[in-house]
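Residue strings, one per chain:
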Amino acid sequence: MPIISQHQDQSTYAIWRIEESEAWFLEQLQLSAAEQAQLETIKGWRRMEWLAVRQLVAALVPGEERAMLVKDEYGKPHLHNSPLQVSISHSHQLAAAMVGEKVLGIDIQQIVEKIGRLAPRFLSARELAFIHPAEHHIAHLHVCWCAKEALYKAYGKREIDFCEHLLLDAFDYQTAGGSFQGRVIKDDFEATFELQYSTFEDCMLVTAELV
């Protein structure tokens, strides 16, 4: 069921807790033949995630005809025959989607302790230096991980080095949530994004929107 919807500057994001049956989603969505064929290639719980993000996007883009979610040659989702930008994410029982006029990205991840071991793989030495050293260490790392995932989705192309091409400004972690900026710099592409983060239940959520 939908559990949160939040308006930002020129975008809206929402979170869905996946509690419905597959049959319920299929009845609501009325998939096209192409979508049904794609769903048949997906197995297990990933089917529910696939359906839930499409239900979210349908709720965020109301209209007489449901906005169909398709992917480009890089695998980045977009709305068929629509100028709106879209990004999707899911983690365990939660699905998230973001729709807006600017280039954007969204990521939601369950907070787990093992991220501490993985941090040097996605954070530069400069970024590791501003991470909270004690009480909020794990949460702070999750903000950074989700922020880089959101930036990667906003960029929408492959061959990205998370340490070299996705750069985060230093920020102090706040339990109530907060914002900071990050950049994507790759070859001749450079863009700055406003990053906003918050926690929901046991997950971290970060959105990225082009400045």
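It should be noted that the structure appears before, not after, this text.
In this text the structure is predicted, and so the values were computed from the model without any measurement.

1. Observations concerning helix 3 (residues 45-60)
An ideal rise of 1.5 Å per residue puts 22 Å on 16 residues; helix 3 measures up with 23 Å between its terminal C-alpha atoms. Across the 16 residues of helix 3, 12 count as buried, placing the element largely inside the fold. Burial in helix 3 covers these residues: Arg47, Met48, Glu49, Trp50, Leu51, Ala52, Val53, Arg54, Gln55, Leu56, Val57 and Leu60.

2. A look at the packing of aromatic side chains
Summed over the entire model, instances satisfying the criterion amount to 12 aromatic pairs. Within the aromatic cluster, the residues linked to one another by ring pairs are Phe130, Phe171, Tyr173, Phe180 and Tyr197. The ring centre of tryptophan 50 lies 3.8 Å from the NZ or CZ of arginine 54, which sits over that ring.

3. What about the side chain of glutamate 20?
Take glutamate 20: it is sitting in the loop between strand 2 (11-17) and helix 1 (22-29). For the buried glutamate 20, which has no salt bridge, the nearest side chain bearing the opposite charge is arginine 17, at an N-O separation of 8.8 Å. Within polar-contact distance, the side chain of glutamate 20 engages the backbone nitrogen of methionine 1 at 2.6 Å. A distance of 3.0 Å separates a polar atom in the side chain of glutamate 20 from a polar atom in the side chain of tryptophan 16. Leaving out residues up to four positions away in the same chain, glutamate 20 has contacts with Met1, Phe25 and Met48.

4. As for the sheet that holds strand 5 (residues 85-91)
Backbone hydrogen bonds hold the strands of a sheet together, and the pairing may be parallel or antiparallel. One open sheet accounts for four strands, arranged 1-2-6-5; its pairing is antiparallel. Among the strands making up the open sheet, the edge pair consists of strand 1 (2-7) and strand 5. With strand direction ignored, the average angle separating the axes of adjacent strands in the sheet is 10°. Both strand 1 and strand 2 contribute to a ladder of five bridges, which runs antiparallel. Residue pairing across strands places glutamine 6 opposite tyrosine 13, the latter belonging to strand 2. The strands that helix 3 touches are strand 2, strand 5 and strand 6 (94-100); relative to strand 6, the one it contacts most, it runs at about 35°.

Here is what the cut-offs are and how they apply
- Residues numbered from 1 in each chain as written.
- Predicted model: local features only at pLDDT ≥ 70, side-chain atom pairs only at ≥ 80, totals over all residues.
- Heavy atoms only, no water.
- Helix = DSSP H or I, 4+ residues; strand = E, 2+ residues; numbered from the N terminus.
- Expected span 1.5 Å × (residues − 1).
- Buried < 20%, exposed > 50% of the residue type's maximum accessible area, 1.4 Å probe, protein only.
- Phe/Tyr/Trp six-rings, centres within 6.5 Å; stacked < 30°, edge-to-face > 60°.
- Lys NZ or Arg CZ within 6 Å of the ring centre and 35° of its normal.
- Lys, Arg positive; Asp, Glu negative; His and termini not counted.
- Salt bridge = Lys/Arg side-chain N within 4 Å of Asp/Glu carboxyl O.
- Polar contact = N/O pair within 3.5 Å; in protein donor to acceptor, adjacent residues only side chain to side chain.
- Contact = heavy atoms within 4.5 Å.
- Pairing = 2+ DSSP bridges.
- Axes fitted to C-alpha atoms, helices over the stretch in contact; angles between N-to-C directions.

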